[in-house]
Amino acid sequence: MANEGSILTAADLAGNGVRGDDPDVHGKFGIFGGRYVPEALIPALDEVAAVYEKAKHDAEFIREFDHLLRTYAGRPTTLTDVPRFSEQAGGARIVLKREDLTHTGAHKINNVLGQALLTKRLGKKRVIAETGAGQHGVATATAAALLGLECVIYMGAVDCERQALNVARMKLLGATVVPVTNGSQTLKDAINEAFRDWVTNVDSTHYLFGTVAGPHPFPEIVRDFARVIGVEARRQILELTGRLPDAVCAAVGGGSNAIGVFHAFIDDQDVRLHGYEAAGHGLESGEHALTLTAGSVGVLHGSRTYVLQDDEGQTIESHSISAGLDYPGVGPEHAWLKDSGRATYRGVTDDEAMAAFSLLARTEGIIPAIESSHALAGALELGRELGPEAIILVNLSGRGDKDMGTAMKYFNL
Amino acid sequence: MTTLQTVFAKAKADNRAALVGYLPAGFPSKDGAIAAAAALVEAGCDVIEIGLPYSDPLMDGPTIQDAVHRSLSNGTRIADVMRTVEGVAATGAATLVMTYWNPVDRYGAERFARDLANAGGVGTITPDLTPEESEPWRAASASAGIDTVFLVAPSSTEARIKAVVDCCTGFVYAASLMGVTGARETVNVAAEGLVKRTREHTGLPVCVGLGVGTGAQAAEVATYADGVIVGSAFIRRLLDAPDEAAGRESVAALARDMAQGVRRS
Ligand SMILES: Cc1ncc(COP(=O)(O)O)c(C=O)c1O
């Protein structure tokens, strides 16, 4: 990779094999991950895995991906010091990784561009995707427009309503948006429906999965394409502060932005990794998305991981004010990082997240996504714990434009 | 208790295919499910699959999703599934449970296998349990003395078919098409080829499911398969019936038609 100004090397894309934290041939991170899917999908998953395995070692693929990240997504994204916001964090220095500044406004674009290129290599002309907040749907519709692919997005009917702006964006970009009215009518049901489409149309269609959950190889592929966040951030924070941060914070829905920023720091044992899940109305209320903090080990959407489930394995519906975190499962690598103790996961309530949302807007002139606001709220608390000498890197996974409807209601604007 | 082996041996001796009916437990009601399954047996079904209702049935089309949703709303629990199996097995039909993996995993594989055997169940069909992940379940089933049925699909490579059939006992479930459950206008032509390919790797009976909805389709499938599996078409009739008694009559009529179909070949 002697590409002038390139941000990715082969090793950056696929840090695999170098570390001890890669899944085995069956996609297992310890006891987590694997494949629990209808047999009909196995050949398609095998094909995706094989094409990706080749692509990640192919200089031409890396060059194409790198080119799109730089000239289309707007990478590298900057770091921003937020001193006025940090005053509320006991004076600890909070630094934001600005994924909100990418094209389409969230970290989702990184994975989407990578998988869209894979779709071409798979020789498929149609992509489908699930979306919660609509950010993954918008990013997928965007990449589909760019590469001339047919695009169908499954979105829970409840989410269609709370993220109406993103539904309009997807339509404008030429995608078909299918509101899903089964079950909780949110992200989990959109994923079920997308799998049903995939098993029916697998010859023509790639399922452009949006987070680090699902059956192998999705947790690995999505992580590798999101990995650029941490690769850049590690380099940038060393330049900015002269040292590694004390902690890296990210919101966890399915876990893609979190694993994206965590992964480059996993070997830095002194850097704490903190993931923040949506505590909704609080643990006691039962209305939350505390999969890692309050869930139990089970199987959901093709993968063994932590799940919100009852005593007989029925999925319990999650709740969060943020559609992107409103999911009763989580990526298997996070389950593994939790059990190994390498990462710590905590909950942030709707109210705490909205307070951080408003605080960042007022103190720094940045309106974050409500998902990302969970990480901001977590960092405020962590800063008070770690003290004024601490440096905390927060992945600002997306911007809040899509959340104006929710904010107007919440704050009576 | 009627075993799968006896069922298929008898069907073979009669020179016909076996008829396998699927209904979810707890639908249209807890007792209604047992009564509907008994009506199927009376009308000529040899094997009954009792579906264990699951919140995220990603292999199922709208008909089964709807029935399962109603069943869960009726408060169906695994104990109800076991009671349903007990009631259906008492009719003399070989009775299996069809279930996504997570409820079994959560319940405990050994406990589930034992309770199912005690209820008179003869085995399970697990559509989302791949051979790679199936070891604990096969061990638990073997020690409880129940069969394990897994699925092959039109997309399965020879190597996959071999891996799947090596995990099967009782019979092999051949999914006729790439897609979710639901009755279709025609049974996919891929089904026959898949049955042929599967037979190259196993001496077990091969049953075809997904998309079979009429007696004529059952007759067609019976020309090349050892068993014909029907689910959504029965459930559709239960959903459309004005009350449970009418539903029972309606599914019995369809089952009779199918039972003739599997004997026509
Ligand atoms: C801005 C933003 N952050 C975070 C998430 C949560 O997803 P993940 O946990 O995969 O990063 C989403 C999902 O829609 C999102 O839009």
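- Looking at an unreviewed UniProt entry, one finds chain B named Tryptophan synthase alpha chain, with Nonomuraea jiangxiensis as its source organism.
- Reading the Catalytic activity (unreviewed entry) entry of the UniProt record for chain B gives the comment "(1S,2R)-1-C-(indol-3-yl)glycerol 3-phosphate + L-serine = D-glyceraldehyde 3-phosphate + L-tryptophan + H2O".
- Listed under Subunit (unreviewed entry) in UniProt, the entry text for chain B is "Tetramer of two alpha and two beta chains."

- Looking up chain A in an unreviewed UniProt entry gives the name Tryptophan synthase beta chain, with the organism given as Nonomuraea jiangxiensis.
- Taken verbatim from the UniProt record of chain A, the Sequence similarities (unreviewed entry) comment is "Belongs to the TrpB family."
- Entered under Catalytic activity (unreviewed entry) in the UniProt record, the comment concerning chain A runs "(1S,2R)-1-C-(indol-3-yl)glycerol 3-phosphate + L-serine = D-glyceraldehyde 3-phosphate + L-tryptophan + H2O".

So, the overall build of chain B
Now for step 1: For chain B, the count of helices and strands is 12 helices and 9 strands.
Now for step 2: What you see for chain B is a C-alpha radius of gyration of 16 Å, in line with the 18 Å of a compact globule of 265 residues.
Now for step 3: Projected onto the principal axes, the alpha-carbon positions of chain B cover approximately 45 × 40 × 30 Å.
Now for step 4: Here chain B, with 265 residues, has 61% of them falling under the buried criterion.
Now for step 5: Here the contacts in chain B between residues at least 6 apart in sequence split such that 72% fall between residues at least 24 apart.
Now for step 6: As displayed, chain B has an accessible area near 9500 Å², and 49% of this comes from carbon and sulfur atoms.
Now for step 7: Here chain B contributes 23 positive and 30 negative side-chain charges, whose respective centroids are spaced 2 Å apart.

Here we look at helix α11 (residues 232-240) of chain B
Now for step 1: Within the span of α11(B), buried status applies to Ser232(B), Ala233(B), Phe234(B), Ile235(B), Leu238(B) and Leu239(B).
Now for step 2: Contacts made by the buried residues of α11(B) are with β1 (18-24), α2 (30-43), α3 (62-73), β9 (227-230) and α12 (244-264) of chain B.

Some words on the domain arrangement of chain A
Residues and elements named next belong to chain A.
Now for step 1: Each assigned domain of chain A is listed here: domain 1 (28-73 + 108-218) and domain 2 (79-105 + 227-411).
Now for step 2: Facing 41 residues of domain 1, the contacting portion of domain 2 comprises 42 residues.
Now for step 3: Considering only the surface of domain 1 that becomes buried against domain 2, Phe32, Arg162 and Val212 emerge as the three largest contributors, covering 21% of it.
Now for step 4: In this structure, the connection of domain 1 to domain 2 is made through 1 salt bridge.
Now for step 5: For Arg162, the salt bridge goes to Asp326, with nearest N and O atoms at 2.7 Å.
Now for step 6: Put simply, domain 1 and domain 2 have 14 residue pairs in polar contact (both at pLDDT 80 or more) between them.
Now for step 7: Counting only elements with at least two residues in the side of domain 1 that touches domain 2, the list comes to β2 (32-33), α5 (108-121), α6 (135-147), α7 (157-162), α8 (164-172) and α9 (187-201).
Now for step 8: Taken together, the residues of the side of domain 1 that touches domain 2 break down into 19 nonpolar, 16 polar and 6 charged.

With respect to the state of the cysteines
All names here are of chain B.
Now for step 1: Applying the stated criterion to the full structure yields 0 disulfides over all chains.
Now for step 2: Between Cys167, a cysteine without a disulfide, and Cys168, which holds the nearest cysteine sulfur, the sulfur-to-sulfur distance is 6.9 Å.
Now for step 3: Looking at the unpaired Cys207, the closest cysteine sulfur is the one in Cys168, lying at 10 Å.

Some remarks on the UniProt feature "domain: Tryptophan synthase beta chain-like PALP" (unreviewed entry) in chain A
Now for step 1: The UniProt record annotates "domain: Tryptophan synthase beta chain-like PALP" (unreviewed entry) at residues 72-398 of chain A.
Now for step 2: Spanning residues 72-398 of chain A, this segment combines 42% helix with 20% strand, and its end C-alpha atoms are found 17 Å apart.

Considerations on the UniProt feature "active site" (unreviewed entry) in chain B
Now for step 1: What UniProt calls "active site" (unreviewed entry) maps, in this numbering, to Glu49(B) and Asp60(B).
Now for step 2: By the element assignment, Glu49(B) lies in strand β2 (residues 47-51).
Now for step 3: On the accessibility criterion, Glu49(B) (1% relative accessible area) is buried.
Now for step 4: Ignoring anything within four residues of it in the chain, the contact list for Glu49(B) reads Val20(B), Gly21(B), Tyr22(B), Leu23(B), Leu96(B), Met98(B), Ile125(B), Tyr173(B) and Ile229(B).
Now for step 5: Structurally, Asp60(B) can be placed in the loop between β2 and α3.
Now for step 6: Residue Asp60(B) is classed as buried on the basis of its relative accessible area of 8%.
Now for step 7: Excluding its chain neighbours within four sequence positions, the residues that come into contact with Asp60(B) are Arg196(A), Gln65(B), Tyr100(B), Val180(B) and Thr181(B).

Some details on the confidence of the model for chain A
Now for step 1: Residue-level pLDDT values for chain A average 94, and 95% of them are 70 or greater.
Now for step 2: Across residues 16-20 of chain A, confidence stays below pLDDT 50; counting only partners more than four residues off in sequence or on other chains, it has 10 contacts.

A short note on the nonpolar core
Now for step 1: Trp198(A), Phe112(B), Trp137(B), Phe171(B) and Val228(B) are the most contacted members of the largest nonpolar core, which totals 128 residues.
Now for step 2: Taken domain by domain, this core gets at least three of its residues from each of domain 1 (28-73 + 108-218) and domain 2 (79-105 + 227-411) of chain A.
Now for step 3: If we skip the residues at most four places from it in the chain, Trp137(B) touches Trp101(B), Val104(B), Ala109(B), Phe112(B), Ala113(B), Thr124(B), Thr126(B), Leu129(B), Ile146(B), Thr148(B) and Phe150(B).

Notes on the site of the ligand
Residue and element names in this part refer to chain A.
Now for step 1: The full set close to the ligand counts 18 residues, and Thr211, Gly253, Gly255, Ser256 and Ser397 are the nearest of them.
Now for step 2: In the model, an oxygen atom of the ligand is placed 2.8 Å from a nitrogen or oxygen of the Gly253 main chain.
Now for step 3: Within the backbone of Asn257, a nitrogen or oxygen atom sits 2.8 Å from an oxygen atom of the ligand.
Now for step 4: Considering the ligand on its own, with 390 Å² of exposed area, one finds that the protein chains cover 98% of that surface.
Now for step 5: Tallied by class, residues from the shell around the ligand come to 5 nonpolar, 11 polar and 2 charged.
Now for step 6: Counting residues domain by domain, the shell around the ligand receives three or more from each of domain 1 (28-73 + 108-218) and domain 2 (79-105 + 227-411).

What counts, and where the lines are drawn
Residues numbered from 1 in each chain as written. Chains lettered and ligands numbered in written order. Predicted model: local features only at pLDDT ≥ 70, side-chain atom pairs only at ≥ 80, totals over all residues. Heavy atoms only, no water. UniProt positions renumbered as here; feature names shortened; annotations may be inferred. Helix = DSSP H or I, 4+ residues; strand = E, 2+ residues; numbered from the N terminus. Rg over C-alpha atoms; globule rule 2.2 N^0.38 Å. Buried < 20%, exposed > 50% of the residue type's maximum accessible area, 1.4 Å probe, protein only. Contact = heavy atoms within 4.5 Å. Areas by Shrake-Rupley, 256 points an atom, 1.4 Å probe, with all protein chains shown as cover. Lys, Arg positive; Asp, Glu negative; His and termini not counted. Charge placed at Lys NZ, Arg CZ, Asp CG, Glu CD. Domains from an automatic or database assignment. Buried area = accessible area lost by both parts, 1.4 Å probe. Salt bridge = Lys/Arg side-chain N within 4 Å of Asp/Glu carboxyl O. Polar contact = N/O pair within 3.5 Å; in protein donor to acceptor, adjacent residues only side chain to side chain. Nonpolar A, V, L, I, M, F, W, Y, C, P; charged D, E, K, R; others polar. Disulfide = S-S within 2.5 Å. pLDDT = per-residue confidence, 0-100. Core = buried A, V, L, I, M, F, W, Y, C linked by side-chain atoms within 4.5 Å. Near = heavy atom within 4 Å.

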